[in-house]
Amino acid sequence: MEMQAFIVFVIPFAIVAYLACLLFTQPSRGVLLASLLSGLVMSILNALVDLLAYALHWWHYSLDGLTFHLPLPFYIGVFLFFGSVALLLIWRFRTGRYAWISRVLLIVTPLLGFARDLGSAIDGTSYLRWDSPLAGPIDLVMWLIMFYAGYWLFKQFAPAREAIVAP
């Protein structure tokens, strides 16, 4: 039931918020595709580490409606927000007066993902259960590797904003 409620109530909001971000950043087709590819890679890495964590008893999800012990709809948030939206905002603010926003997002985004997991693990009524003392450090390393791998991939495929904006 939890997964169905998540799909009905959260995913439509996520899609609308993503479309609003697209209106704000106005990426070119190449930048948009690079951000989506990077977000997809981040989601796949997250799912693979979650599956490994379940198999090695580092952590598990305590929800109804899991597929192979994974909350598949949750990865849409990683795909859209921690992946594509964060990368589009980093791309948008990379140069110019507000370049500091890009640098802050590069540091804060993986830490926010870890903080979300940490908060869920500490809250005894939440959906994520850490089963090992290794869970916290492994989760932090997962978020760092996952985000910066996605950022590296984005940098490889997305043209610079200056190249698009220049006349």
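What counts as what
Residue numbering note: each chain is counted from 1, following its sequence as written. Two thresholds apply to this predicted model, a pLDDT of at least 70 for residue-level local features and 80 or more for giving and counting side-chain atom pairs, whereas whole-chain, interface and lining totals are computed over all residues. By convention in this description, side-chain values take in all heavy atoms of the structure and omit both hydrogens and water. The term nonpolar core refers to a set of buried residues drawn from Ala, Val, Leu, Ile, Met, Phe, Trp, Tyr and Cys, joined through side-chain atoms within 4.5 Å. Three exposure classes are used, based on accessible area relative to the maximum for each residue type with a 1.4 Å probe and protein chains only: buried under 20%, partly exposed in between, and exposed over 50%. The secondary structure listing takes helices from DSSP runs of H or I that are at least 4 residues long and strands from runs of E that are at least 2 residues long, numbered from the N terminus. Note on contacts: a residue pair is in contact if any heavy atoms of the two residues lie within 4.5 Å. Buriedness for pockets is judged along seven lines, at least five of which must meet protein on both sides within 12 Å for an open set on the 1 Å grid over protein atoms alone, while cavities are sets there where a 1.4 Å probe fits but cannot get out, and lining residues have an atom within 4 Å of a point. Grid points are joined across faces, edges and corners, and a volume is the space filled by probe spheres set on the points. For this classification, the nonpolar set comprises Ala, Val, Leu, Ile, Met, Phe, Trp, Tyr, Cys and Pro, the charged set comprises Asp, Glu, Lys and Arg, and every other residue, Gly included, is treated as polar.

S.K.: I would appreciate a short explanation of the nonpolar core in the present structure.
M.R.: Burial of nonpolar side chains together is a common tendency in soluble globular proteins. Counting 42 residues, the largest nonpolar core has Trp59, Trp143, Phe147 and Phe154 as the members making the most contacts within it. The set of elements that each furnish at least two residues to this core consists of helix 1 (2–9), helix 2 (11–25), helix 3 (29–55), strand 1 (59–61), helix 4 (75–92), helix 5 (99–122) and helix 6 (135–157). Looking at this core element by element, the count peaks at 11 residues for helix 4. Beyond its immediate sequence surroundings of up to four residues, Phe154 is in contact with Val31, Ala34, Ser35, Ser38, Leu87 and Trp91.

S.K.: Sorry, what's going on with empty space enclosed by the protein here?
M.R.: Take a probe with the size of a water molecule and roll it over the atoms, and the empty space left behind shows itself. Using the criterion set out here, one finds 1 cavity of 30 Å³ or more in the structure. For the largest cavity, the calculated volume is near 60 Å³. Among the elements of the structure, helix 4 and helix 5 are those that each provide at least two residues to the lining of the largest cavity. Within the lining of the largest cavity, the residues separate by chemical class into 6 nonpolar, 1 polar and 2 charged.

S.K.: Looking at this structure, I do not really get the environment of Ser120. What am I missing?
M.R.: You can see Ser120 is positioned in helix 5. Put simply, Ser120 and Phe147 are 27 residues apart on the chain and 19 Å apart in space, counted from C-alpha to C-alpha. Sequence-distant contacts of Ser120, defined by excluding residues within four places in its chain, comprise Ser126, Tyr127 and Leu128.

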